[in-house]
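Each chain, letter by letter, is given below.
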Amino acid sequence: MSAVALYRRSLGNFRDTIAIVRRRFAVRPARYPEIPWLVWVAAWLLLAVAVGLSLDSAAGRMRGEWTPTFVRFTDFFTDFGLGGWYLIPAALCLIAANLTDWRSLSRRSRLLVYNWTCFAFLVLCAVGLSGLAVNLLKYGIGRARPLYFDSFGVLSLHPLAMDARFAGFPSGHATTMGAVFGILLLLFPRRWYIALAVTGCIASTRVFVGAHYPSDTVAGFGLGLAFAIVSGMVFARLGFIFRRPSSTRPVPKRTFRLLSSSGSTGKSSAAGRSREQLSADRP
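The name given to the chain in an unreviewed UniProt entry is Phosphatase PAP2 family protein, with Mesorhizobium album as the source organism.

Right under this line is the structure:
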């Protein structure tokens, strides 16, 4: 295929997607789950303050006192809080979907590609937007990191210093893990405790490597979680991944699957789900 034909396909797919999103926003009223945001925000802030008052000073004093083996262990896992682990695969998935000839796919394959595209877009929104927000906050607030506890203390603020030394609050890694937890919470609500344990542990490594205070990680984790929930609510309004909820959270559609079914029974059920999905997703 020539580069011109590939460009035209990509542009056509992009225009079709934008048209569907605009049309759905226009015809679907803004009905979202009744989440008590003020209560949750107040609880999040109070928890961050409580953790800060009780643990931040101790974390600053203990910096450098952890055993080298433990520090290497946490230093390995802390890298999984980098947004690139999630944003790069999501962006590549969207690029591949944008270059795909959707009309040539079977119903089953089209449904699978559609679900992966929506999932990648959700990850890009939740992790990417929360990442932008946390960087604006951390450089705007300018809190000194625990690495400089002896020089600046536990609550030294340097707003708009634009210096990595003063970019402690909130934690960017913890924000990413909060967004990942929010996505997993929406998609697999019955396994929320497993997702919380894994993402919470990765977020906490920022304390042990001396990059953030405990309150930084709590604040960042809550920020990322909030962005994931809001992204899920918008996706539910658009009919992507989630159905329009009448409860307190977006609920995944029965047609949302990231793995293809196998066997004849799987083929018939997949075809049925594909017809249901494509019918529901017509603009």
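Next comes the rest of the description.
A. Focus on the UniProt feature "domain: Phosphatidic acid phosphatase type 2/haloperoxidase" (unreviewed entry) in the chain. The sites that UniProt annotates as "domain: Phosphatidic acid phosphatase type 2/haloperoxidase" (unreviewed entry) are residues 119-232. Segment residues 119-232 splits into 69% helix and 0% strand. End C-alpha atoms: 10 Å apart.

B. Region of the structure containing the pattern of salt bridges. Scanning all chains against the criterion turns up 4 salt bridges. Measuring nitrogen to oxygen at the nearest pair gives 2.8 Å for the salt bridge that ties R143 to D216. You can see R143 sitting in the loop between α5 (107-141) and α6 (149-152) and its partner D216 sitting in helix α9 (residues 214-238), a full 73 residues away along the chain. Exposure remark for R143: the relative accessible area of 5% places this residue in the buried category. Judged by its relative accessible area of 0%, D216 falls in the buried class.

C. Focus on the packing of aromatic side chains. Within this structure, the stated rule accounts for 15 aromatic pairs. A ring pair is formed by W116 and F119, whose centres lie 5.9 Å apart and whose planes are at 85°; its orientation type is edge-to-face. With W116 and F119 both in helix α5 and 3 residues apart, the pair spans about one turn of that helix. Residue classification places W116 among the partly exposed positions, given a relative accessible area of 35%. Aromatic pair Y148 and F152: ring centres 6.4 Å apart, planes at 70°, arrangement edge-to-face.

D. Structural detail: helix α1 (residues 3-27). Across its 25 residues, α1 extends 36 Å between first and last C-alpha, which sits within 8% of the 36 Å expected from 1.5 Å per residue. Inspection of α1 places S10, N13, V21 and R24 among the buried residues, and these make up the whole buried set.

E. Seen up close, the packing of α5 against α9. Two elements in contact, α5 and α9, have axes separated by 9 Å at closest approach and are oriented at 140°. Considering their axes alone, α5 and α9 lie oblique with respect to each other. Note that α5 runs across α9; the crossing there is right-handed. Contacts from C118, F121, L122, C125, A126, L129, S130, A133, V134 and L137 of α5 reach α9 at L223, G224, F227, A228, S231, G232 and F235. The residue inventory of the contact of α5 with α9, partitioned by class, reads 13 nonpolar, 4 polar and no charged.

F. Structural detail: the side chain of S231. Structurally, the position occupied by S231 is in helix α9. In contact with S231, other than residues within four places in its own chain, are L122, C125 and A126.

G. Molecular detail of a nonpolar patch on the surface. On the surface, M1, L6, I88, L92, I95 and L99 cluster together into a nonpolar patch covering about 590 Å² of accessible area. In terms of residue count, the dominant contributor to the nonpolar patch is helix α4 (residues 84-98) (3 residues). Examined against the element boundaries, L92 turns out to sit in helix α4.

H. Up close: the UniProt feature "transmembrane region" (unreviewed entry) in the chain. UniProt feature "transmembrane region" (unreviewed entry): in the numbering of this structure it lies at residues 37-60, 80-99, 111-137, 166-187, 194-213 and 219-240. In the segment residues 166-187, helix accounts for 73% and strand for 0%; the C-alpha atoms at its two ends are 36 Å apart. In this annotation, residues 219-240 is assigned 91% helix and 0% strand; the end-to-end C-alpha distance for the span is 29 Å.

I. Seen up close, the layout of surface pockets. Of the voids in this model, the second largest pocket is the one considered here, and its volume is about 780 Å³. Together, 23 residues line the second largest pocket, and W40, F181, L185, L225 and I229 are the ones closest to its centre. Among the secondary structure elements, those contributing two or more residues to the lining of the second largest pocket are α2 (37-62), α7 (172-187), α8 (192-208) and α9. In terms of residues, the lining of the second largest pocket owes the most to one element, α9, which gives 7 residues. Tallied by class, the residues present in the lining of the second largest pocket amount to 19 nonpolar, 2 polar and 2 charged.

J. Expanded view of the nonpolar core. Judged by nonpolar contacts, the single largest core of 25 residues is most densely connected at L122, I183, L187, F235, F240, I241 and F242. Those elements giving two or more residues to this core turn out to be α5, α7 and α9. With 8 residues, the top contributor of residues to this core is α5. Those residues in contact with L122 that lie beyond four places of it in its chain are I183, S231, G232, F235, I241 and F242. Counting 8 residues, the second largest nonpolar core, distinct from the first, contains A174, I202, A203 and F221.

Rules behind the numbers
- Residues numbered from 1 in each chain as written.
- Predicted model: local features only at pLDDT ≥ 70, side-chain atom pairs only at ≥ 80, totals over all residues.
- Heavy atoms only, no water.
- UniProt positions renumbered as here; feature names shortened; annotations may be inferred.
- Helix = DSSP H or I, 4+ residues; strand = E, 2+ residues; numbered from the N terminus.
- Salt bridge = Lys/Arg side-chain N within 4 Å of Asp/Glu carboxyl O.
- Buried < 20%, exposed > 50% of the residue type's maximum accessible area, 1.4 Å probe, protein only.
- Phe/Tyr/Trp six-rings, centres within 6.5 Å; stacked < 30°, edge-to-face > 60°.
- Expected span 1.5 Å × (residues − 1).
- Axes fitted to C-alpha atoms, helices over the stretch in contact; angles between N-to-C directions.
- Parallel < 35°, antiparallel > 145°, perpendicular 65-115°, else oblique.
- Left-handed = near helix turned anticlockwise from the far one by under 90°.
- Contact = heavy atoms within 4.5 Å.
- Nonpolar A, V, L, I, M, F, W, Y, C, P; charged D, E, K, R; others polar.
- Patch = residues over 30% accessible without salt bridge, like charges linked within 9 Å, V, L, I, M, F, W, Y side chains within 5 Å.
- Areas by Shrake-Rupley, 256 points an atom, 1.4 Å probe, with all protein chains shown as cover.
- 1 Å grid on protein atoms, 1.4 Å probe; cavity = no way out; pocket = protein on both sides within 12 Å on 5 of 7 lines; lining within 4 Å.
- Points joined across faces, edges and corners; volume = space filled by probe spheres on them.
- Core = buried A, V, L, I, M, F, W, Y, C linked by side-chain atoms within 4.5 Å.

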